[in-house]
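Single-letter residue listing:
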Amino acid sequence: MNNNFYISVNDDISLFVEEYGQGENYILSAQVGFYKKGMQQKMAELGYHVLCITLRGFSPSTLVTQDYGENWYDIFADDVIAVADKLGIQKFIYMGASHGCGVGWHVMLKYQNRINAFIAVVGGPHSLESGVMSYRQMLEKGIIKEVPPFNPPIDNDEKREIRRKIRADHIASQPPRPALEKAVDYGRPLMKYKNEENLCKALSTITVPTLMIGGINDPISTPELMIRTAKCLPHCKLVIYSNCGHDIDTDLIEETCDVADRFIKTTLENGKWYKSVEE
């Protein structure tokens, strides 16, 4: 099943939702937009009911003029729960990559009683000591001319090269974004915690079984950041791949979805982040 529709979360905001697959186990994901051949679509093929929510402020969801400051991600998290409530979904798996994972951290900290498992792909989160402005907005304002290379050169895999080129061509073909959308700076997640000590204390309260997936060569969600986070989370599995970077969720779809599928099935079976111990 593939279906697109809108959900009104209040009188002013409607969110665009792409629906893939069917079944009793829901995966919700919220980002500024979704590539058509990513983990979400593949997870639907594996039997999950996937809902891809375009964040408020980004077309075709409602554009906004208000700057929510350090509350952007909390509002994004509220919107995810509002969509679930509107559709009668009591518990679900949350999956997100990069800023979509940023939304996930806020969902976990505000609503973890609603979550069965968290699939956190290249999710960091950023160190609060490295600044709060998003790379996207730094580019818009000319603060930086370009972001660091997101991905390393591919090592001896022609099909992976082809996949990257198709995605790059797709991105290049997109029409210009509306001015209101370009003005949005949602910053970085968890800014309200102000420093690393407070951030780590907050992360340590997340008891939802969490799978973190990342790449050794990711300049944004670095291995050091992911290891820091894994140390904080009491129920975490961390998987890091060599010769992979920030776009691993669209680069190695088969591999990352296989790991996610097995993790979710384990979690739903025994409530843990690892296989049941058998004596």
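Keep in mind it's a predicted model, so treat the numbers as computed, not measured.

What the protein contains, in helices and strands, is 10 helices and 8 strands. Relative to the 2.2 N^0.38 estimate, which gives 19 Å for 279 residues, the radius of gyration of the protein is 18 Å and therefore close to what a compact globule would have. C-alpha atoms of the protein, sized along the principal axes, occupy 60 × 50 × 45 Å. Residues classed as buried in the protein amount to 51% of the 279 residues present.

For the structure on display, the rule yields 10 aromatic pairs. Centroid distance Tyr73 to Tyr186: 5.8 Å. Interplanar angle 85 degrees. Geometry classified as edge-to-face. Here the residue Tyr73 occupies a position in helix 2 (residues 72-86), and Tyr186 occupies one in the loop between helix 6 (179-183) and helix 7 (196-203), the gap between them amounting to 113 residues. The same class applies to Tyr73 as to Tyr186, namely buried. Above the face of the Tyr35 ring, Arg167 is positioned so that its terminal group lies 5.9 Å from the ring centre.

This part takes up the environment of Phe16. Examined against the element boundaries, Phe16 turns out to sit in strand 2 (residues 14-20). Considered as a pair, Phe16 and Ile53 are 37 residues apart in the sequence and their alpha carbons are 5.9 Å apart. The contact partners of Phe16, leaving out residues within four places of it in the chain, are Asn4, Phe5, Tyr6, Cys52, Ile53, Thr54, Pro60 and Ser61.

Strand order in the open sheet formed by 8 strands is 1-2-4-3-5-6-7-8, and the pairing between neighbours is mixed. The open sheet has two free edges, formed respectively by strand 1 (2-8) and strand 8 (236-241), since each of these has just one partner strand. Averaged over all pairs of adjacent strands, the angle between strand axes in this sheet comes to 20 degrees, irrespective of strand direction. Direction of pairing for strand 2 relative to strand 4 (residues 49-54): antiparallel, over a ladder of 4 bridges. When the sheet's bridge partners are listed, Glu19 is paired in strand 4 with Leu51. Across the sheet, helix 3 (residues 99-111) lies against strand 3 (26-31), strand 5 (92-97), strand 6 (115-121) and strand 7 (210-215), angled at about 150 degrees from strand 6, the strand it touches most. Where helix 10 (residues 253-270) meets the sheet, it contacts strand 3, strand 5, strand 6, strand 7 and strand 8, and its direction lies at approximately 160 degrees from that of strand 6.

Next up on the list: helix 10. For helix 10, built from 18 residues, the straight-helix expectation of 26 Å at 1.5 Å per residue is met to within 8% by its first-to-last C-alpha distance of 26 Å. All buried positions along helix 10 are accounted for by Ile253, Thr256, Cys257, Val259, Ala260, Asp261, Phe263, Ile264, Thr266 and Thr267. Among the residues trailing helix 10, Gly271 stands out with phi positive, at a value near 75 degrees.

Now for the pattern of salt bridges. Applying the stated rule across the entire model yields 16 salt bridges. Ionic pairing is found between Lys36 and Glu18, a salt bridge with its closest N-O pair at 2.7 Å. Of this pair, Lys36 sits in the loop between strand 3 and helix 1 (39-45) while Glu18 sits in strand 2, and the two are 18 residues apart along the sequence. Given a relative accessible area of 3%, Glu18 falls into the buried group.

Scoring rules and cut-offs
Residues numbered from 1 in each chain as written. Predicted model: local features only at pLDDT ≥ 70, side-chain atom pairs only at ≥ 80, totals over all residues. Heavy atoms only, no water. Helix = DSSP H or I, 4+ residues; strand = E, 2+ residues; numbered from the N terminus. Rg over C-alpha atoms; globule rule 2.2 N^0.38 Å. Buried < 20%, exposed > 50% of the residue type's maximum accessible area, 1.4 Å probe, protein only. Phe/Tyr/Trp six-rings, centres within 6.5 Å; stacked < 30°, edge-to-face > 60°. Lys NZ or Arg CZ within 6 Å of the ring centre and 35° of its normal. Contact = heavy atoms within 4.5 Å. Pairing = 2+ DSSP bridges. Axes fitted to C-alpha atoms, helices over the stretch in contact; angles between N-to-C directions. Expected span 1.5 Å × (residues − 1). Salt bridge = Lys/Arg side-chain N within 4 Å of Asp/Glu carboxyl O.

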